[in-house]
Amino acid sequence: MEKIVVANLKMNLNLEQIKLYINEIDGLINSNRVIICPSYIYIPYFLNKNYLVGTQNIASTEDGAYTGEVSASQVSSMNIPYTIVGHSERRSIFNETSVEVNKKVKLALSNNLKVILCIGETKEEKDNGLTNSVLSLQLKESLLEIDANLLENVIIAYEPVWSIGTGNIPTNEDIIEITNYIKSTVNNIYNNLVNIPVLYGGSVNEKNIFQLNEINEIDGVLVGGASLSSSKLNIIKEVVIK
Ligand code: PGA
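Described in the following lines is the structure provided in the data block. (Residues numbered from 1 in each chain as written. Predicted model: local features only at pLDDT ≥ 70, side-chain atom pairs only at ≥ 80, totals over all residues. Heavy atoms only, no water.)

This paragraph deals with the environment of leucine 47. Relative to the assigned elements, leucine 47 resides in helix α2 (residues 43–48). Measuring from C-alpha to C-alpha, the distance between leucine 47 and isoleucine 80 comes to 8.0 Å, with 33 residues separating the pair along the chain. Excluding its chain neighbours within four sequence positions, the residues that come into contact with leucine 47 are Val53, Met78, Asn79 and Ile80. (Helix = DSSP H or I, 4+ residues; strand = E, 2+ residues; numbered from the N terminus. Contact = heavy atoms within 4.5 Å.)

So, in structure tokens, the structure goes:
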């Protein structure tokens, strides 16, 4: 797969700022390899400008009486191609379990959405040597009962929780080792039938992207904080996509 950049704007920017942001990135970021994930309410502004977009989350249930939620079928009906699922902020702040993540992945795939499935270990898990076991459990639980032929619509984002928003990133060697581990774990689950793309996410910025982009094992990056700056996002895009 050619490398991609996913911009996760999280719950940031008001309408005025979003309009400014869209003006700033106009003509710079348009690419079928950059996926922008703003808050739901701003997505139509990006769709109108033909950006490739994704939601940051979807509901773990089908349509119904679930105040405040947005379903996979609603997202799909808006011609939004991607959704992030299982971001660590959802898991830690909103107590989202792997069972719910699995439901979301299934609903997304059955509604023809492409899934960016986030996994990652905490600092404590890393310090206790649990990284691999945490990642393999998250993968097994999130991908439970999902057919190999649907996996072509799944991208894994390896996002160490201790790296998100902290400015600390793993070494390239660590990212390579863990990416290979993730790919082989998914291969084991699916009897070598799939070759899953893996992104790196966590404190990616306009400086460390040069070093991160040297890693051939990753299929791109997921950018949070730095993607709020159109010029930083543009530098990252130029490095990854050229
Ligand atoms: P960050 O966020 O780039 O600000 O660390 C990444 C993410 O949470 O997806």
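Here we come to the site of the ligand. Neighbouring residues of the ligand: Asn8, Lys10, His87, Glu159, Ile164, Gly165, Gly202, Ser203, Leu222, Gly224 and Gly225. Between histidine 87 and the ligand, the recorded distance is 2.7 Å, taken from a side-chain N or O atom to an oxygen atom. A distance of 2.8 Å separates an oxygen atom of the ligand from a polar backbone atom of glycine 225. For the ligand, whose free accessible area comes to 280 Å², the fraction covered by protein is 95%. (Near = heavy atom within 4 Å. Polar contact = N/O pair within 3.5 Å; in protein donor to acceptor, adjacent residues only side chain to side chain. Areas by Shrake-Rupley, 256 points an atom, 1.4 Å probe, with all protein chains shown as cover.)

To continue, consider helix α7 (residues 131–142). In this model α7 runs 16 Å from its N-terminal to its C-terminal C-alpha over 12 residues, within 8% of the 16 Å that 1.5 Å per residue would give. Looking at α7, one finds that the buried residues are Thr131, Val134, Leu135, Ser136, Gln138, Leu139 and Ser142. Residues of α7 that are buried sit in contact with α4 (88–93), α5 (98–110), β5 (114–119), α6 (123–127), β6 (154–158) and α8 (172–189). (Expected span 1.5 Å × (residues − 1). Buried < 20%, exposed > 50% of the residue type's maximum accessible area, 1.4 Å probe, protein only.)

This part covers the packing of aromatic side chains. Enumeration over the complete set of coordinates arrives at 3 aromatic pairs. Consider the rings of phenylalanine 46 and tyrosine 51, whose centres lie 6.0 Å apart with planes at 70°: the pair is edge-to-face. For phenylalanine 46, a relative accessible area of 0% gives the class buried. The class for tyrosine 51 is buried, based on a relative accessible area of 5%. Three or more aromatic residues joined by ring pairs make a cluster, and in this case those are Tyr21, Phe46 and Tyr51. If you follow arginine 90 out to its NZ or CZ, it ends over the ring of phenylalanine 94, 4.2 Å from the centre. (Phe/Tyr/Trp six-rings, centres within 6.5 Å; stacked < 30°, edge-to-face > 60°. Lys NZ or Arg CZ within 6 Å of the ring centre and 35° of its normal.)

So, about the layout of surface pockets. Size it by volume and the largest pocket reaches roughly 520 Å³. Contributing to the lining of the largest pocket are 19 residues, with Met11, Gln56, Asn57, Arg90 and Phe94 lying nearest its centre. Ranked by residues supplied to the lining of the largest pocket, first place goes to α4 with 3 residues. Partitioned by chemical class, the residues of the lining of the largest pocket number 9 nonpolar, 6 polar and 4 charged. (1 Å grid on protein atoms, 1.4 Å probe; cavity = no way out; pocket = protein on both sides within 12 Å on 5 of 7 lines; lining within 4 Å. Points joined across faces, edges and corners; volume = space filled by probe spheres on them. Nonpolar A, V, L, I, M, F, W, Y, C, P; charged D, E, K, R; others polar.)

Let's shift gears to the sheet that holds strand β1 (residues 4–8). With respect to topology, 8 strands assemble into a closed barrel ordered β1-β2-β3-β4-β5-β6-β7-β8, the strand pairing being parallel. Direction aside, the axes of adjacent strands within the sheet are offset by 25° on average. For strand β7 (residues 198–201) and strand β8 (residues 220–223), the ladder comprises 2 bridges, and the chain directions are parallel. Looking at β8, one finds that tyrosine 200 is bridged to valine 221. In this fold α5 packs onto β4 (82–85), β5 and β6, with an angle of close to 165° to the strand it touches most, β5. The strands touched by helix α10 (residues 230–241) are β1, β2 (34–37) and β8; relative to β1, the strand with the most contacts, the crossing angle is about 160°. (Pairing = 2+ DSSP bridges. Axes fitted to C-alpha atoms, helices over the stretch in contact; angles between N-to-C directions.)

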